[in-house]
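# Remarks on the overall topology
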Amino acid sequence: MSKFTVLDHPLIQHKLTIIRDKNTGTKEFRQIANEIAGLMVYEITRDLPLRDVEIETPMGKTIQKELAGKKLAIVPILRAGLGMVDGVLELIPAAKVGHVGMYRDETTLKPHEYFVKMPPDIDQRDLIIVDPMLATGGSANMAIEALKKRGATSIRLVVLVAAPEGVQAVQAEHPDVDIYAAAEDEYLTDSGYIFPGLGDAGDRLFGTK
Ligand code: URA
């Protein structure tokens, strides 16, 4: 069974409250969603492996640390996942960015893949999928499947708000994928929204309806 971790750092909780508020407008929502994503990735990269490296400061030679493990790639699920990418890139500017596009069939409510573009060395990277809302888990599961099909072996899922149903669905299908959320909310409504949630993350990020 994979790990599910709620990252309840006070700054993350405070910022999440601001974007949950229906009176928060597009500009602030967009900025703060990115800030939360950056803080979350800061927390989850604590365990990245380091190795010794010899460098020379203006004062002389010294052994210091540098990152040693696999390279990272961030993979937003379109379109709302785009709202978390810049915040992550601020911390890890050299990360590659893959994209996975899903649309939801309005009658069956099932997700369909329409676009996948990944870095070529996907099998040698730690992949961080980002999507603000983990609702039913349908899109996340399809995105994970799409990446595994193309050779991915190391995947983590980072969301702002998770519904218990979504966490269970991903853990059941992908027990190797750890999930990180800024909050676990109460339940999914009949129309597939998370309660209390923050509404439609894509619409709030992009000012659409
Ligand atoms: N997607 C959203 O944007 N919001 C929800 O509450 C659930 C899915």
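No experiment lies behind these values; they were computed from the predicted model shown.

## So, the packing of aromatic side chains
Counting across every chain of the model gives two aromatic pairs. Consider the rings of Tyr-103 and Tyr-114, whose centres lie 6.3 Å apart with planes at 40 degrees: the pair is tilted. Within this pair, whereas Tyr-103 is found in strand β6 (residues 99-104), its partner Tyr-114 is found in strand β7 (residues 111-117), the two being separated by eleven residues in sequence. For Tyr-103, a relative accessible area of 44% corresponds to the partly exposed category. The exposure class of Tyr-114 is partly exposed, given its relative accessible area of 49%. Judged by centre distance (5.2 Å) and plane angle (20 degrees), the rings of Tyr-187 and Phe-195 are stacked. The exposure class assigned to Phe-195 is partly exposed, which follows from its relative accessible area of 37%.

## Observations concerning the layout of surface pockets
Of the pockets and cavities examined, the largest pocket occupies roughly 940 Å³. Together, 36 residues line the largest pocket, and Arg-104, Asp-131, Ala-135, Ser-139 and Asp-200 are the ones closest to its centre. Counting only elements with at least two residues in the lining of the largest pocket, the list comes to β4 (71-78), β6, β7, β9 (133-134), α4 (138-149), β10 (154-162) and α6 (201-206). Of the residues assigned to the lining of the largest pocket, the class counts are 17 nonpolar, ten polar and nine charged. Quantified by volume, the second largest pocket comes out at close to 340 Å³.

## Describing the confidence of the model for the chain
Interpreting fine coordinate detail is not advised for predicted regions of low pLDDT. Considering every residue of the chain, the mean pLDDT works out to 96; 100% of them sit at 70 or more. Complex prediction metrics read pTM 0.95 and ipTM 0.96.

About the thresholds
- Residues numbered from 1 in each chain as written.
- Predicted model: local features only at pLDDT ≥ 70, side-chain atom pairs only at ≥ 80, totals over all residues.
- Heavy atoms only, no water.
- Phe/Tyr/Trp six-rings, centres within 6.5 Å; stacked < 30°, edge-to-face > 60°.
- Helix = DSSP H or I, 4+ residues; strand = E, 2+ residues; numbered from the N terminus.
- Buried < 20%, exposed > 50% of the residue type's maximum accessible area, 1.4 Å probe, protein only.
- 1 Å grid on protein atoms, 1.4 Å probe; cavity = no way out; pocket = protein on both sides within 12 Å on 5 of 7 lines; lining within 4 Å.
- Points joined across faces, edges and corners; volume = space filled by probe spheres on them.
- Nonpolar A, V, L, I, M, F, W, Y, C, P; charged D, E, K, R; others polar.
- pLDDT = per-residue confidence, 0-100.

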